[in-house]
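Overview (structure and organization)
Spelled out from the first residue to the last, the chains are:
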Amino acid sequence: MTDETANLVLEHLKRFQVQMNRFEDRLTNVEADIRAIKQHIGALVSSDATRDGKVATLEIRVERIERRLDLID
């Protein structure tokens, strides 16, 4: 290879390296965003489970009150 060809190849490799570094940075940001989304989803699931438990408790209490007052059909 001539020096000119070697320099051209080296320049292309440097450009590829810069692009790869940018891609890696973007990928790191996307991974961080996905982690944050997973945490939010986990919190929503937990909150939903807590709410379901509270609703179930209220349903049991209402049924007991209805039985005591003879309101059940």
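Up top is the structure.
Keep in mind it's a predicted model, so treat the numbers as computed, not measured. (Residues numbered from 1 in each chain as written. Predicted model: local features only at pLDDT ≥ 70, side-chain atom pairs only at ≥ 80, totals over all residues. Heavy atoms only, no water.)

Quick look at the overall build of the protein chain
Scanning the protein chain from N- to C-terminus turns up 1 helix and 0 strands. Compactness check: the protein chain gives a C-alpha radius of gyration of 31 Å against a globular reference of 11 Å for 73 residues, more than 25% above the reference. Taken over the C-alpha atoms alone, the protein chain extends approximately 100 × 15 × 10 Å along its principal axes. For the protein chain, the exposed surface amounts to about 7,100 Å²; the carbon and sulfur share of it is 58%. On the protein chain, the mean spot of the 12 positive side-chain charges and the mean spot of the 14 negative ones are 6 Å from each other. (Helix = DSSP H or I, 4+ residues; strand = E, 2+ residues; numbered from the N terminus. Rg over C-alpha atoms; globule rule 2.2 N^0.38 Å. Areas by Shrake-Rupley, 256 points an atom, 1.4 Å probe, with all protein chains shown as cover. Lys, Arg positive; Asp, Glu negative; His and termini not counted. Charge placed at Lys NZ, Arg CZ, Asp CG, Glu CD.)

Some details on unusual backbone geometry
Backbone geometry places Asp70, a non-glycine residue, at a positive phi of 55 degrees. The topology assignment puts Asp70 in the segment after α1 (3-68). Residue class for Asp70 comes out exposed when judged on its relative accessible area of 67%. (Buried < 20%, exposed > 50% of the residue type's maximum accessible area, 1.4 Å probe, protein only.)

Notes on a nonpolar patch on the surface
Side chains of Met20, Phe23, Leu27, Val30 and Ile34 sit close together on the surface and give an oily, nonpolar patch of about 440 Å² of accessible area. With respect to the element layout, Met20 can be found in helix α1. (Patch = residues over 30% accessible without salt bridge, like charges linked within 9 Å, V, L, I, M, F, W, Y side chains within 5 Å. Salt bridge = Lys/Arg side-chain N within 4 Å of Asp/Glu carboxyl O.)

Examining the environment of Thr28
Along the polypeptide, Thr28 turns up in helix α1. In sequence terms Thr28 and Asp52 are 24 residues apart; their C-alpha atoms lie 36 Å from each other. In this structure the side chain of Thr28 is engaged in a polar contact, spanning 2.9 Å, whose partner is the backbone oxygen of Glu24. (Polar contact = N/O pair within 3.5 Å; in protein donor to acceptor, adjacent residues only side chain to side chain.)

Brief notes about a negative patch on the surface
On the surface, Glu59, Glu63, Glu66 and Asp73 cluster together into a patch of negative charge. Tracing the chain through its elements places Asp73 in the segment after α1. For Asp73, a relative accessible area of 98% translates into the label exposed.

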